[in-house]
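One-letter residues, chain by chain:
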Amino acid sequence: MEVKMGRSAIRVWAGVDQGTTSTRTNLYDDDGRCVASAQRQSVTAHPHPGWDEQDGEALQTAIEDTLREALASLPGAELAGIGLANQGESIIAFDRRTGKPLSKAILWSDRRATEVVDRMSTSPEADRIEAITGLHIDPYYSAAKIAWSLLHLPEVADAAAAGTLAISTLDAFFIHRLTQGAAYVTDPSTGSRTQLMGLDDLRFNADVAAAFGIDTALLPTMVETVFAEPLPTTLGAPLYASAADQLAALAALGAISPGDTKMTYGTGCFIETNVGATPCRPGHGLMATYAWTIPGEPKAWAVEGGVFSAATAVNWLVHLGLAESPSHVAELAAACPAAGDAALRMQHPLFLPSFTGVGAPWWRADAAGVLNGLRASTDRSDVAFAVVDGIAQRVADVIDAMDAELGSPVALRADGGLSRNRVLMQRQADLCGRPVAISDHHDNTAAGAAGLAAIGAGELDLAGLAARATFSVVVEPTLPEAQRQAERDRWRAFVESTAALDPSALTGRSEERKS
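Since the model is a prediction, treat every value here as computed from it, not as a measurement.

1. Structural notes on the overall build of the protein
In step 1: When its secondary structure is counted, the protein shows 18 helices and 23 strands.
In step 2: At 22 Å, the protein has a C-alpha radius of gyration in line with the 24 Å of a compact globule built from 515 residues.
In step 3: Considered along the principal axes of its C-alpha atoms, the protein spans approximately 60 × 60 × 45 Å.
In step 4: Classification of the 515 residues of the protein by burial places 58% in the buried group.
In step 5: Put simply, 71% of the contacts in the protein that link residues at least 6 apart link residues at least 24 apart.
In step 6: Element-wise, carbon and sulfur atoms account for 52% of the exposed surface of the protein, whose accessible area totals about 19,300 Å².

2. Re the packing of aromatic side chains
In step 1: Under the defined criterion, the tally for this structure stands at 18 aromatic pairs.
In step 2: Seen from their ring centres, F94 and Y184 are 5.6 Å apart, and the 90° between their planes marks the pair as edge-to-face. With a gap of 90 residues between them, F94 in strand β8 (residues 91-95) and Y184 in the loop between α6 (170-178) and β11 (185-186) connect regions that are remote in the sequence.
In step 3: Judged by centre distance (6.2 Å) and plane angle (85°), the rings of W108 and Y140 are edge-to-face. Taken together, the residues span a long stretch of sequence, with W108 in the loop between β9 (105-106) and α2 (114-121) and Y140 in the loop between α3 (126-133) and α4 (142-152) at a distance of 32 residues.
In step 4: Judged by its relative accessible area of 4%, W108 falls in the buried class.
In step 5: Ring pairing ties together the aromatic residues W108, Y140, Y141, F270, F308 and W363, which thus form one cluster.
In step 6: The ring of W51 carries R112 above its face, with NZ or CZ at 3.8 Å from the centroid.
In step 7: Against the face of W148 rests R112, its NZ or CZ located 5.0 Å from the ring centre.

3. A word on the sheet that holds strand β4 (residues 22-28)
In step 1: The strand order across the open sheet formed by six strands is β5-β4-β3-β7-β14-β13, and the pairing between neighbours is mixed. At either margin of the open sheet sits one strand with a lone partner, and together these are β5 (34-41) and β13 (226-231). When strand polarity is set aside, the average angle formed by the axes of neighbouring strands in this sheet is 25°.
In step 2: Here strand β3 (residues 11-18) pairs with strand β7 (residues 78-86) via seven bridges, running parallel. Following the sheet pairing, W13 is matched in β7 by G81.
In step 3: Together, β7 and β14 (239-244) form the strand contacts of helix α9 (residues 245-252), whose direction differs from that of β14 by roughly 105°.

4. A short note on empty space enclosed by the protein
Empty space among the atoms becomes apparent when a probe as large as a water molecule is rolled across them.
In step 1: As enumerated under the stated definition, the model contains two cavities of 30 Å³ or more in all.
In step 2: Forming the boundary of the largest cavity are R345, M346, H348, P349, L350, F385, D389, Q393, R427, E487, R490 and W491.
In step 3: Among the secondary structure elements, those contributing two or more residues to the lining of the largest cavity are α13 (380-406) and α17 (481-498).
In step 4: Looking at side-chain class alone, the lining of the largest cavity contains five nonpolar, two polar and five charged residues.
In step 5: Taken as a whole, the second largest cavity holds about 30 Å³ of empty space.
In step 6: Together, S142, I146, S168, T169, T194, L196, F204, L219 and P220 line the second largest cavity.
In step 7: If you list the elements that add at least two residues to the lining of the second largest cavity, you get α4 and β10 (165-169).

5. Let's talk about the sheet that holds strand β18 (residues 300-307)
In step 1: Sheet architecture is open: seven strands sit in the order β17-β18-β16-β15-β21-β22-β23, paired in mixed fashion. Whereas interior strands pair on both sides, the edge strands pair on one side only; in this sheet they are β17 (287-292) and β23 (473-475). Between one strand axis and the next, the sheet turns by 30° as a mean value, whatever way the strands run.
In step 2: The strands touched by α13 are β15 (261-265), β16 (269-276), β18 and β21 (412-415); relative to β16, the strand with the most contacts, the crossing angle is about 15°.
In step 3: Contacts between helix α14 (residues 422-432) and the sheet are confined to β15, β21, β22 (436-438) and β23, with β23 contributing the most and set at about 50° to the helix.

6. Here we look at the UniProt feature "domain: Carbohydrate kinase FGGY N-terminal" (unreviewed entry) in the protein
In step 1: The feature "domain: Carbohydrate kinase FGGY N-terminal" (unreviewed entry), as given by UniProt, occupies residues 13-225 in the numbering adopted here.
In step 2: Summarising residues 13-225: 34% helix, 23% strand, and an end-to-end C-alpha distance of 16 Å.

7. Looking at the domain arrangement of the protein
In step 1: Along its sequence, the protein is carved into domain 1 (11-253) and domain 2 (311-440 + 473-506).
In step 2: A C-alpha centroid distance of 30 Å is found between domain 1 and domain 2.
In step 3: Counting residues at the interface gives nine residues for domain 1, matched by six residues for domain 2.
In step 4: Buried surface at the junction of domain 1 and domain 2, both sides included, amounts to about 780 Å², of which 63% is carbon and sulfur.
In step 5: The largest per-residue losses of area from domain 1 upon contact with domain 2 belong to R111, H136 and L253, which jointly make up 59% of the total buried on that side.
In step 6: The interface formed by domain 1 and domain 2 holds zero salt bridges in total.
In step 7: Applying the counting criterion to the domain 1 and domain 2 interface returns three residue pairs in polar contact (both at pLDDT 80 or more).
In step 8: Tallied by class, residues from the side of domain 1 that touches domain 2 come to four nonpolar, two polar and three charged.

8. Re the side chain of S439
In step 1: Its place among the elements puts S439 in the loop between β22 and α15 (444-456).
In step 2: A distance of 3.1 Å separates the side chain of S439 from the side chain of N444, its partner in a polar contact.
In step 3: Sequence-distant contacts of S439, that is, excluding residues within four places in its chain, are made with L253, A414, D415, N444, T470 and F471.

9. Here we look at the UniProt feature "domain: Carbohydrate kinase FGGY C-terminal" (unreviewed entry) in the protein
In step 1: Mapped onto the present numbering, the UniProt feature "domain: Carbohydrate kinase FGGY C-terminal" (unreviewed entry) falls on residues 263-456.
In step 2: For residues 263-456, the helix share is 38%, the strand share is 20%, and the end-to-end C-alpha distance is 26 Å.

Rules used in this analysis
Residues numbered from 1 in each chain as written. Predicted model: local features only at pLDDT ≥ 70, side-chain atom pairs only at ≥ 80, totals over all residues. Heavy atoms only, no water. Helix = DSSP H or I, 4+ residues; strand = E, 2+ residues; numbered from the N terminus. Rg over C-alpha atoms; globule rule 2.2 N^0.38 Å. Buried < 20%, exposed > 50% of the residue type's maximum accessible area, 1.4 Å probe, protein only. Contact = heavy atoms within 4.5 Å. Areas by Shrake-Rupley, 256 points an atom, 1.4 Å probe, with all protein chains shown as cover. Phe/Tyr/Trp six-rings, centres within 6.5 Å; stacked < 30°, edge-to-face > 60°. Lys NZ or Arg CZ within 6 Å of the ring centre and 35° of its normal. Pairing = 2+ DSSP bridges. Axes fitted to C-alpha atoms, helices over the stretch in contact; angles between N-to-C directions. 1 Å grid on protein atoms, 1.4 Å probe; cavity = no way out; pocket = protein on both sides within 12 Å on 5 of 7 lines; lining within 4 Å. Points joined across faces, edges and corners; volume = space filled by probe spheres on them. Nonpolar A, V, L, I, M, F, W, Y, C, P; charged D, E, K, R; others polar. UniProt positions renumbered as here; feature names shortened; annotations may be inferred. Domains from an automatic or database assignment. Buried area = accessible area lost by both parts, 1.4 Å probe. Salt bridge = Lys/Arg side-chain N within 4 Å of Asp/Glu carboxyl O. Polar contact = N/O pair within 3.5 Å; in protein donor to acceptor, adjacent residues only side chain to side chain.

Structural data, given as structure tokens:
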């Protein structure tokens, strides 16, 4: 870094992570060091049970404000380029002439489209949709949310009839606004999260879209993750790349070779394994996805398993007043006697973190959270440990499925805010029966977005981006294998038993009793 007269002369690359919990813009120098950061918390509304939505205008403003704030903290810095990471499956409808939102941003965690999924799951097209997209039909993906919006939001339906509707994942909305309407595009990593893209040809599939009642003319144009030509923006530098958040993090964590696996602990926890240059339609309750398209690099597909509630569950304890902050949750969990006593854990309360359904490998869209085994002696440290342990157990469910899919144990690398929680990371290592390498940099979605921008500008390559990942802390497992298996068996029996408590199952039994 060159410094003149106390003013920075640094060149920086902006990585914008427009996530569920917050919008964060990090600035990285040419060596990949984070030199500035700004963040805005997002506000999620829940107007009905199972509905999760945000204000699209507020999200767009947060992108602009955080980038300007980060730059202002580095006087004289040159903004060389921008990379954008998005929430993946979340969608928004807007007027393609003005960019004005016609709906709220309906988040990936939103379950309002269950009615669409219930209809689609029993349709003749269901098997073909899953074969083309590689995805189990679920309200998690964009397709059902778009279909629901066209059916239930009059302003959206009217715009579709008038030929003025754009409806898409959030990246296309942000890019449309940042380019003043010049571009309406998405990339295959994000497209693979919609359940509208063919996994093989990386294009929106007209037959799949029609099955959901969607005209592909409403959708954005598919372009490469790292653009062939940068897009001029209103932010003072061109946009070079755009990717789904988890796939940007996959690159930044160095998982660029087949078999490389990462776990990102954010609002949810998402586990991706790079499977290389050939499409993979996994079994074992896992999802197919696409990683990135970069000029001069091989295409990369991946396999994903999602735990939909991670930080959400920790923040729930704070919201209830049982803890003062997420770090306090970690302290309470560490103080729980069961944290260090295997015998106590075999009788300890269990928590299924399923506020928005259970994802891989169980796939129960209607599941709700379950806290089981409470006694009069149960205190808040017990509840805190049950929540932390429940997150680790759910991630272990996915890792077990990854192992079975790939035929050998995957090596684990972790990032995200909850990777700072030592109790969680120790439980993760113990329950998976292998070391967990924790990234020194916790904001790898932003780092990946910025790195992809530098690749687009010809200043970096994929191997150089991967080489930036460092892991100073490796958490080793301490649990004997027999005890690990016993705890995992108890957990699986618990999850299986909770199916009878899913709201739809309880309603069904109630109706049966009446008849």
